[in-house]
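# Close look at the chain arrangement
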Amino acid sequence: LIERVVLLDKLRETRALIGFQRIDVQAQHQLDPGVLKQMMTGNENADWLPAHIVRGEGIFIKFNDNLLNEWEGRPGATEHFGRFNGRVAALDPRYQDGGLNARFIMLHTLAHLLIRRLTYNCGYGSSSLRERIYCHNANPQNPMNAIVIYTASGDSEGSLGGLVKQGEPGFLERIFREALYEAEWCSADPVCADLSHEGGQGPNSVNGAACHNCALLPETSCESFNKYLDRKFVLDPEGQVPSLFSLRV
């Protein structure tokens, strides 16, 4: 299932602040670029935005494209994603014309589960770890199915080595098994699990079986603001969804 693991001993990230809106996260993306620059710099004609460079370490995990294609095409997974996508499209205007797919939800949820487990092993708190999801299938010759879990701080001492250590052989396998074991049941089940099939939960009800007890992270750690998550796509002990890891744990 895992095609490649790359240990990122040194990682540098440049973060630029393009806007800020506390009430509605999506509102800032609907503003004119000039208005955004006026908000951030005081000058709508400015050719710069506030930014800073942070350094850290990380783990890059690339998944097997063929196995993901085979899993995504299973009837049960297709039906479950159809229900999930229908709920998201009705509640989130950005996805009324599509854009989500089952593998993104799986990779996104798996990244959250791994981060929650890694906090017990690597020495960093959950708010110090971040995710980056690489998921794109527009070009069949060069698909993207990978995740990066990394940490980055404001100075050159952002790398303690603890996260990279957990990506080494003998450590990463254990992290996966422990994360999947914890994902089988949530302390809020059966309510949390049932919401995967009906109603949804979380911001705008765009999450399935994912709550603060099992899958959510600090919002600074998630690139999607804790949206589009569902444990059922990763592992479903009830067998209602042909989860990717159902036969591999």
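Look a little higher up for the structure.
Let me sum up the structure you'll find in this document. Worth saying up front: this structure is predicted, and the values here are computed from it rather than measured.

On to the overall build of the protein chain, then. Regarding its fold elements, the protein chain presents seven helices and four strands. Here the protein chain displays about 12,800 Å² of accessible surface, and carbon together with sulfur accounts for 50% of that area.

A few words now on the packing of helix α2 (residues 65–72) against helix α4 (residues 102–118). Running from amino to carboxyl end, α2 crosses α4 at an angle of 115°, the nearest separation of the two axes being 10 Å. The handedness of the crossing between α2 and α4 is right-handed. Residues Leu 68, Asn 69, Trp 71 and Glu 72 of α2 lie in contact with α4, whose contacting residues are Ala 102, Arg 103 and Met 106. Taken together, the residues that form the contact of α2 with α4 break down as four nonpolar, one polar and two charged.

In this section: the pattern of salt bridges. Summed over all chains, the structure comprises 13 salt bridges. The shortest N-O distance in the salt bridge between Arg 74 and Glu 70 comes to 3.2 Å. The exposure class of Glu 70 is partly exposed, given its relative accessible area of 41%. Linking Glu 182 and Arg 117 is a salt bridge whose minimum nitrogen-to-oxygen distance equals 2.3 Å. Taken as a pair, Glu 182 in helix α6 (residues 172–184) and Arg 117 in helix α4 lie far apart in primary sequence, 65 residues in all.

With that out of the way, let us pick up the environment of Leu 129. With respect to the element layout, Leu 129 can be found in strand β3 (residues 129–136). For Leu 129, a relative accessible area of 0% translates into the label buried. Considered as a pair, Leu 129 and Ile 115 are 14 residues apart in the sequence and their alpha carbons are 6.9 Å apart. When near neighbours in sequence (up to four residues on either side) are disregarded, Leu 129 contacts Ile 115, Leu 118, Thr 119, Cys 122, Tyr 124, Tyr 150, Thr 151, Leu 163 and Ser 221.

The subject of this paragraph is α4. For α4, with 17 residues, the first-to-last C-alpha span of 24 Å sits near the 24 Å given by 1.5 Å per residue. Counting buried positions along α4 gives 16 out of 17 residues, so the element sits mostly inside the fold.

Let's shift gears to the side chain of Ser 224. Mapped onto the elements of the fold, Ser 224 is located in the segment after α7 (191–194). A residue is classified by how much of its surface remains accessible, and Ser 224, at 13% relative accessible area, is buried.

Let us look at the packing of aromatic side chains. Summed over the entire model, instances satisfying the criterion amount to two aromatic pairs. Pairing Trp 71 with Phe 233 gives two aromatic rings, centres 6.4 Å apart and planes at 80°, and the pair type is edge-to-face. Pair noted here: Trp 71 is in helix α2 and Phe 233 is in the segment after α7, with a separation of 162 residues, a long-range link. A relative accessible area of 0% means that Trp 71 is categorised as buried. Judged by its relative accessible area of 0%, Phe 233 falls in the buried class.

The rules behind these values
- Residues numbered from 1 in each chain as written.
- Predicted model: local features only at pLDDT ≥ 70, side-chain atom pairs only at ≥ 80, totals over all residues.
- Heavy atoms only, no water.
- Helix = DSSP H or I, 4+ residues; strand = E, 2+ residues; numbered from the N terminus.
- Areas by Shrake-Rupley, 256 points an atom, 1.4 Å probe, with all protein chains shown as cover.
- Axes fitted to C-alpha atoms, helices over the stretch in contact; angles between N-to-C directions.
- Left-handed = near helix turned anticlockwise from the far one by under 90°.
- Contact = heavy atoms within 4.5 Å.
- Nonpolar A, V, L, I, M, F, W, Y, C, P; charged D, E, K, R; others polar.
- Salt bridge = Lys/Arg side-chain N within 4 Å of Asp/Glu carboxyl O.
- Buried < 20%, exposed > 50% of the residue type's maximum accessible area, 1.4 Å probe, protein only.
- Expected span 1.5 Å × (residues − 1).
- Phe/Tyr/Trp six-rings, centres within 6.5 Å; stacked < 30°, edge-to-face > 60°.

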